[in-house]
Amino acid sequence: IMQPVVQLADTGMRADNMVQLEKLNNTIAGMTASTCGSPILYNAIVSDSFFKQVTEFLPGLNCLGDVLKARRYKMAMVSGWDLGFAGHGALFTDRGADQAYGPDFVMKSAPGKRTDFGAYDGNVLQVASKILDELHAGTQPFGLTIPTSGGHFPDGVLDPSCDDHVDLPKHEPVILHAVWCTNFLVKQFLD
């Protein structure tokens, strides 16, 4: 399922032996750990209502976005999920993102079907490509964060653009198929 992105090893992009750490098995915990180097533990039952009320995301914590913003990077985030979902919009906007684009912007810019989460990864990456071009055309160094939903527990979110792809392996469970598809779309985006 990782084959599409494994091909990137020849270009110097590589991520080996990745594992999910204990207690980081939810969206915001993984994002916080990967961008801030710190786990966040919370009760998933209260998380949705809690994060919709948060006005500041973990004040005092120094994250990658804070470091890049201090070095005058222009930061953007494009997500197919509602920006209030698990507080991920607040995580990035409070940590240096100048712009955070959610599913409404994605669907307006790249119309298509919606998922239960919002926009499919293919649409998100299509919009992110345009934003990347805009950032690249500027004079500032920049960072672009793109959360994807293909591998989201429990079944993944299979982008319909992969339905007819001849090389797409028919893995079970469905989440493996969705992860392969998102990896394929990410590889296309990076190419």
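In case you missed it, the structure is sitting above this.
Residues numbered from 1 in each chain as written. Predicted model: local features only at pLDDT ≥ 70, side-chain atom pairs only at ≥ 80, totals over all residues. Heavy atoms only, no water.

Overview of the overall build of the chain
Phase 1 of the analysis: Looking only at helices and strands, the chain has 8 helices and 3 strands in total.
Phase 2 of the analysis: The linear arrangement of helices and strands in the chain, starting from the amino end, is α-α-α-α-β-α-β-α-α-β-α.
Phase 3 of the analysis: Buried positions account for 38% of the 191 residues belonging to the chain.
Phase 4 of the analysis: Sequence-distant contacts, at least 24 apart, represent 57% of the contacts inside the chain between residues at least 6 apart. (Helix = DSSP H or I, 4+ residues; strand = E, 2+ residues; numbered from the N terminus. Buried < 20%, exposed > 50% of the residue type's maximum accessible area, 1.4 Å probe, protein only. Contact = heavy atoms within 4.5 Å.)

Details of the sheet that holds strand S1 (residues 74-78)
Phase 1 of the analysis: Read across the open sheet, the 3 strands follow the order S2-S1-S3; overall the sheet is parallel. Among the strands making up the open sheet, the edge pair consists of strand S2 (99-101) and strand S3 (142-145). For this sheet, the mean inter-axis angle between neighbouring strands, taken without regard to orientation, is 10 degrees.
Phase 2 of the analysis: As judged from the 4 bridges shared by S1 and S3, these two strands associate in the parallel manner. Looking at the pairing, alanine 76 lines up with leucine 144 of S3.
Phase 3 of the analysis: Contacts between helix H7 (residues 121-137) and the sheet are confined to S1, S2 and S3, with S3 contributing the most and set at about 175 degrees to the helix. (Pairing = 2+ DSSP bridges. Axes fitted to C-alpha atoms, helices over the stretch in contact; angles between N-to-C directions.)

Observations concerning the environment of phenylalanine 57
Phase 1 of the analysis: As for its position among the elements, phenylalanine 57 is in the loop between helix H3 (44-53) and helix H4 (64-70).
Phase 2 of the analysis: Of the residues examined, phenylalanine 57 reaches a relative accessible area of 2% and is grouped as buried.
Phase 3 of the analysis: Along the chain, phenylalanine 57 and threonine 32 lie 25 residues apart, while their C-alpha atoms are 10.0 Å from each other.

What to know about unusual backbone geometry
Phase 1 of the analysis: Following phenylalanine 153, the chain continues into proline 154 via a peptide bond in cis, with omega recorded as 5 degrees.
Phase 2 of the analysis: You can see proline 154 is positioned in the loop between S3 and helix H8 (174-190).
Phase 3 of the analysis: In the Ramachandran plot, arginine 72 falls in the positive-phi region, its phi being about 65 degrees despite a non-glycine side chain.
Phase 4 of the analysis: Its location among the elements puts arginine 72 in the loop between H4 and S1.

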